[in-house]
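# Structural overview
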Amino acid sequence: MSEKNQRVVVVTGGSRGIGRCICKAMAAPGTRIFFNYFSPADPEGEKAAAAETIAQVGQLGCEALGLWANVAVQAEVTAFFDQVMDAAGRVDVLVNNAGITRDGLIARMKEADWDAVLNVNLKGPFLCTQVAARIMAKQHGGRIINISSIVGAIGNIGQANYVAAKAGLIGLTKTTAKEYASRNVTVNAVAPGFIDTDMTANLPEKVKTLMLASIPMARMGQPEEVAAVVGFLASDAAAYMTGQVLHVNGGMFM
């Protein structure tokens, strides 16, 4: 397969957790994977995590390239996609996965924490979608998959910023789907529930116990289970699906 016929997949936040599993799920012959990573609080740790993603994708016989970029900054998003286009010349799949949390009750939430979460979790997907959708429209085809959350549908105490961003992402999904359907670009969302990742590992045991009690399947989900649904939405089997939200939560929300 020539380089111009390769399938090009872009995943934001691909250095660990669900993002890494998505990169691995998308690994296939003839596919090139690009992902961003960003953590100013721990740049060396994040670079090491990105290197591990590249290594694990490589073991599956697929090339991956990680690029340092803040999805909340338009100039960095533009530069990121410029590098992708320079290297591969196209974008076939975009997975907006990057996200952060800054939890707190509304009464005590700092404006800076609200802004940080909305910027990464909602503005970031908007900026990435804006660039990728233009590329896909010119190609007359593409897939955009947004990683929302169960809390975007049901709310969650102490996460007003995260919930607002994830609910907003569902709205962004549906609007983008309507705007780009005529160009054969599908746009869908995946809403994970309680998934076993670094983010949930830091929760107090009491909180974990309460959450598990509310899940009919009585267990946490695995990142690979979310990634498998993303892989389906990116496949030809999902060509007639757009504007949908697929919940992966063990029955926690029906």
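You'll find the structure just up there.
Residues numbered from 1 in each chain as written. Predicted model: local features only at pLDDT ≥ 70, side-chain atom pairs only at ≥ 80, totals over all residues. Heavy atoms only, no water.

## Section: the packing of helix H1 (residues 17–26) against helix H2 (residues 43–59)
The axes of two packed helices give the description: the angle between them and the distance between them. Look at H1 against H2: their axes get within 9 Å of each other, and the N-to-C directions meet at 20°. As judged from the angle between their axes, H1 and H2 are roughly parallel. The crossing of H1 and H2 is right-handed. Of the residues in H2, those in contact with Arg20, Cys23 and Lys24 of H1 are Ala49, Glu52, Thr53, Gln56 and Val57. (Axes fitted to C-alpha atoms, helices over the stretch in contact; angles between N-to-C directions. Helix = DSSP H or I, 4+ residues; strand = E, 2+ residues; numbered from the N terminus. Parallel < 35°, antiparallel > 145°, perpendicular 65-115°, else oblique. Left-handed = near helix turned anticlockwise from the far one by under 90°. Contact = heavy atoms within 4.5 Å.)

## Some words on the environment of Met136
When you line up the elements, Met136 lands in helix H4 (residues 111–139). Given the relative accessible area of 0%, Met136 is considered buried. Between the C-alpha atom of Met136 and that of Val73, which follows or precedes it by 63 residues, the distance is 21 Å. If near-sequence neighbours (up to four positions away) are discounted, Met136 is found in contact with Val91, Asp92, Val93, Leu94, Gly141, Gly142, Arg143, Ile144 and Val185. (Buried < 20%, exposed > 50% of the residue type's maximum accessible area, 1.4 Å probe, protein only.)

## A look at the pairing of strand E6 (residues 185–192)
Remember that side chains alternate between the two faces of the sheet whenever the strand is regular. Most of E6 sits out of view: 8 of its 8 residues are buried. Burial of the side chains of E6 extends over both faces: Val185, Val187, Ala189 and Ala191 are buried on one face and Thr186, Asn188, Val190 and Pro192 on the other. Alignment of strand E5 (residues 142–147) against E6, held across 6 bridges, turns out to be parallel. When the bridges of E6 are listed, Ile145 appears paired with Asn188. (Pairing = 2+ DSSP bridges.)

## Thoughts on the pattern of salt bridges
The full count for this structure, using the stated rule, is 7 salt bridges. One salt bridge in this structure joins Lys208 and Glu205, with 3.5 Å as the shortest N-O distance. On the criterion of helical spacing, the pair formed by Lys208 and Glu205 is a turn pair, its members being 3 residues apart in helix H8 (residues 205–213). Residue Glu205 is classed as exposed on the basis of its relative accessible area of 55%. (Salt bridge = Lys/Arg side-chain N within 4 Å of Asp/Glu carboxyl O.)

## Structural notes on the packing of H1 against helix H9 (residues 223–233)
Relative to each other, H1 and H9 sit at 50°, their axes nearing to 8 Å. Comparing the axis directions of H1 and H9 gives the class oblique. Taken as a pair, H1 and H9 cross one another with a handedness that is right-handed. In this structure, H1 uses Gly17, Ile18, Cys21, Ile22, Ala25 and Met26 to contact H9, whose residues at the interface are Pro223, Glu224, Val226, Ala227, Val230 and Gly231.

By themselves these figures say nothing about function.
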